[in-house]
Amino acid sequence: MPKTRIMYIENKSSSLNGPARIGRVTFSKTGKSINYGGRTFQSLKGSGFKANFFDVETGERFWISGPRKDGKDRLYAESSAPVEIDAEVTEEYWRDIRGKLSD
């Protein structure tokens with residue numbers, strides 16, 4: 001069974017405050033790549049500017065990290081752009097990551 005994890009994914013290809021979402025990624029067997037939304041991402045191995053992964057097909061750059069408990073996942077806090085949360089991880093995200101219990 002491949003390892004999965006809820007992660008924060010922000011597209012940095014067109015701006016420093018790109019579209020962002022929280023979703024479940026799948027790690028490759030070797031752990032060298034991440035799959036999400038039909039895309040495969042590989043590490044920039046520290047060579048990226050405000051990005052740590054790239055899409056292997058398009059070359060677009062992304063910031064992918066574990067989501068923060070306080071919800072301040074964006075590198076630039078002044079961004080007012082919304083962060084989308086995939087429906088299939090919403091409950092788990094709010095319960096396990098953010099510590100908010102549902103009623």
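The structure this text deals with has already been given above.
Residues numbered from 1 in each chain as written. Predicted model: local features only at pLDDT ≥ 70, side-chain atom pairs only at ≥ 80, totals over all residues. Heavy atoms only, no water.

Undergrad: What is the right way to read the nonpolar core from this model?
TA: Across soluble globular proteins, nonpolar side chains show a tendency to be buried alongside one another. Ranked by size, the top nonpolar core spans 10 residues in total: M7, I9, V25, F27, I34, Y36, F41, F53, F62 and I64. Secondary structure elements with two or more residues in this core: β1 (4-11), β2 (20-27), β3 (33-36) and β6 (61-65). Once residues lying within four places of it in the same chain are set aside, the contact partners of M7 are R21, I22, G23, V25, I64, S65, G66 and P67. Counting residues in each nonpolar core, the second largest holds 6 residues, with I6, A20, V89 and Y93 among its members. (Core = buried A, V, L, I, M, F, W, Y, C linked by side-chain atoms within 4.5 Å. Buried < 20%, exposed > 50% of the residue type's maximum accessible area, 1.4 Å probe, protein only. Helix = DSSP H or I, 4+ residues; strand = E, 2+ residues; numbered from the N terminus. Contact = heavy atoms within 4.5 Å.)

Undergrad: I tried to follow the pattern of salt bridges on my own but got confused; where do I start?
TA: As a working rule, side chains carrying opposite charge can pair if their charged atoms are close by. Under the criterion given, the structure shown has 9 salt bridges. The salt bridge involving R74 is made with E10; its shortest N-O contact spans 3.0 Å. Highlighted residues: R74 in the loop between β6 and β7 (83-85) and E10 in strand β1, separated in sequence by 64 residues. Each member of the pair, R74 as well as E10, carries the same accessibility label: buried. Among the salt bridges present, the one from D55 reaches R39, with a minimum N-O distance of 2.5 Å. Taken together, the residues D55 in strand β5 (residues 53-55) and R39 in strand β4 (residues 39-43) connect sequence positions 16 residues apart. (Salt bridge = Lys/Arg side-chain N within 4 Å of Asp/Glu carboxyl O.)

Undergrad: Would you mind going over the packing of aromatic side chains with me for this structure?
TA: Any aromatic ring pair is given by two values, namely how distant the centres are and how the planes are angled relative to each other. In this structure the tally under the stated criterion is 2 aromatic pairs. Centre to centre, the rings of Y93 and W94 are 5.3 Å apart; their planes meet at 75°, and the pair counts as edge-to-face. Over the ring of F27 we find K3; its NZ or CZ atom is 5.4 Å from the centre of that ring. (Phe/Tyr/Trp six-rings, centres within 6.5 Å; stacked < 30°, edge-to-face > 60°. Lys NZ or Arg CZ within 6 Å of the ring centre and 35° of its normal.)

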